[in-house]
Each structure stands twice: as C-alpha cells, then as structure tokens.
Amino acid sequence: MKKVDRQRLIKQLITENEIETQDDLIALLEQAGVKATQATVSRDVREMSIVKTHGSNGQVKYALFSQNQPSSSEEKLKESVKDSVIRMERVQFMVIVHTDMGAADVVTNFLDEVNYDEIAGTVAGVDTIIIIARSEEEAKAIVERFETMMN
C-alpha cells in the first residue's frame, strides 16, 4: 500500500475509533489488510501531526491536530511544550522533563525532529523525558529554551 493511502486509512481509523496506542493502531491497520511496522506508523503519526488527547472515557487517545496547525517542526515543538510540560530539572548534563500523562513521546518526537545541536539524545516514557545534552552548559541552554517556550 502506498504511503498516501496508508495515511488516509490512518486518518479514517483515528476519526472513527478511540485509539490509545500505536499497537492499537497497528492492529486496526492489520484488520484492514495493511501490514505496517511500528517505525512506519510512528513516522506517519509524526508526519500527520497526530496528537494525544483525552477521549470521552477519560483515557488518552490519538486525534488529528488540525486547528491552526504550526507550519514548522520548531513551532510544533513550542506548541506541545507549552501545552504538555509541567516542570523540568537539570541534573548535570541531563534535563528531566515532566509532562502530562501520555504526552512525553509526542513532545520528544517534535524535539527529535527539530534536532538541536546541543542534544546528544532523548529518551521518552509516558510522562517523563530525559534529554542528554553534550555538556552542562548546553543542558542549561536547553532548560532556558524550554522555559521560553512555556511562557
């Protein structure tokens, strides 16, 4: 299946179902006869600006982000940081970022997409991100950048 057709199907599935995880989305794609890897679905989610929100049952679910969609990766990052980051702390050359439940991977996807030079790598959980900077000074700069985005 072509990428455009797969993404069209993903859009339809997200609109018609309350999908909580990428595994759920992959299972629905398989039911529709489409085999897709987790990496492919993750890339589609990022490219399509799919975000996590709360469904009618209060659980986190995927939704299409369409209102005033930011045009650049950095604008998407700023929007997600402002909406999702609760607090952060610097531990030597690392920055620990606490987000709303289920938002860490979304923020991290946008952060990885922007690809700041001072970041050596990121690790995301459900509500926590670990950003590994190249030095303590660069970790301080990351904290300052995030604080600016949060205001």
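Whatever comes next refers back to the structure up there.
Our subject in this report is the structure included herewith. No experiment lies behind these values; they were computed from the predicted model shown. (Residues numbered from 1 in each chain as written. Predicted model: local features only at pLDDT ≥ 70, side-chain atom pairs only at ≥ 80, totals over all residues. Heavy atoms only, no water.)

Along the backbone of the protein there are six helices and six strands. Relative to its length of 151 residues, the protein is compact, with a C-alpha radius of gyration of 16 Å against a globular reference of 15 Å. A principal-axis box enclosing the C-alpha atoms of the protein has dimensions of 50 × 30 × 25 Å. A total of 151 residues make up the protein; the buried ones form 41% of that total. (Helix = DSSP H or I, 4+ residues; strand = E, 2+ residues; numbered from the N terminus. Rg over C-alpha atoms; globule rule 2.2 N^0.38 Å. Buried < 20%, exposed > 50% of the residue type's maximum accessible area, 1.4 Å probe, protein only.)

Glancing now at the pattern of salt bridges. Close approach of charged atoms lets side chains of opposite charge pair. Taken as a whole, this structure holds seven salt bridges when the rule is applied. Measuring nitrogen to oxygen at the nearest pair gives 2.5 Å for the salt bridge that ties Asp44 to Arg6. Of this pair, Asp44 sits in helix H3 (residues 38-47) while Arg6 sits in helix H1 (residues 3-16), and the two are 38 residues apart along the sequence. (Salt bridge = Lys/Arg side-chain N within 4 Å of Asp/Glu carboxyl O.)

For the rest of this paragraph, the subject is the nonpolar core. Leu77, Val95, Val97, Ile131 and Phe146 are the most contacted members of the largest nonpolar core, which has 22 residues in total. Going through the elements one at a time, helix H4 (73-84), strand S3 (85-91), strand S4 (94-99), helix H5 (104-114), strand S6 (128-133) and helix H6 (136-150) are the ones with two or more residues in this core. Sorting elements by how many residues they give to this core places H5 first, with six residues. Excluding its chain neighbours within four sequence positions, the residues that come into contact with Phe146 are Val81, Met88, Val97, Leu111 and Ile131. One finds Ile14, Leu25, Leu28 and Ile50 within the second-largest nonpolar core, a separate group that totals 16 residues. (Core = buried A, V, L, I, M, F, W, Y, C linked by side-chain atoms within 4.5 Å. Contact = heavy atoms within 4.5 Å.)

Between two packed helices, what matters for the description is the angle formed by their axes and the separation of those axes. One way to put it is that H1 packs onto helix H2 (residues 22-31) with a least axis distance of 11 Å and a crossing angle of 115 degrees. Comparing the axis directions of H1 and H2 gives the class roughly perpendicular. As H1 packs across H2, the resulting crossing turns out to be right-handed. For the pair H1 and H2, contact is made by Leu9, Ile10 and Leu13 and by Leu25, Leu28 and Leu29, respectively. A per-class count over the contact of H1 with H2 returns six nonpolar, no polar and no charged. (Axes fitted to C-alpha atoms, helices over the stretch in contact; angles between N-to-C directions. Parallel < 35°, antiparallel > 145°, perpendicular 65-115°, else oblique. Left-handed = near helix turned anticlockwise from the far one by under 90°. Nonpolar A, V, L, I, M, F, W, Y, C, P; charged D, E, K, R; others polar.)

Attention now moves to the environment of Val60. On the secondary structure map, Val60 appears in strand S2 (residues 60-64). Given a relative accessible area of 18%, Val60 falls into the buried group. It is 24 Å that separates the C-alpha atoms of Val60 and Lys35, two residues lying 25 residues apart in sequence.

Our focus in this paragraph is unusual backbone geometry. The backbone phi angle of Ser49 is positive, close to 55 degrees, even though this residue is not glycine. Locating Ser49 in the fold gives a position in the loop between H3 and strand S1 (50-54). For Ser49, a relative accessible area of 2% puts it in the buried group.

Here we take up the packing of aromatic side chains. Taken as a whole, this structure holds zero aromatic pairs when the rule is applied. The ring centre of Tyr116 lies 3.8 Å from the NZ or CZ of Arg145, which sits over that ring. (Phe/Tyr/Trp six-rings, centres within 6.5 Å; stacked < 30°, edge-to-face > 60°. Lys NZ or Arg CZ within 6 Å of the ring centre and 35° of its normal.)

Of the pairings in the sheet, the one linking S3 to S4 comprises six bridges and is antiparallel in character. Within the sheet, the bridge partner assigned to Val85 lies in S4 and is Thr99. (Pairing = 2+ DSSP bridges.)

A few words on H3. Every buried residue of H3 is listed here: Thr40, Val41, Ser42, Asp44 and Val45. Where H3 is buried, its residues meet H1, H2, S1 and S2. A positive backbone phi angle near 55 degrees is found at Ser49, which sits one or two residues after H3.

Everything listed is a geometric property; what it means functionally is a separate question.
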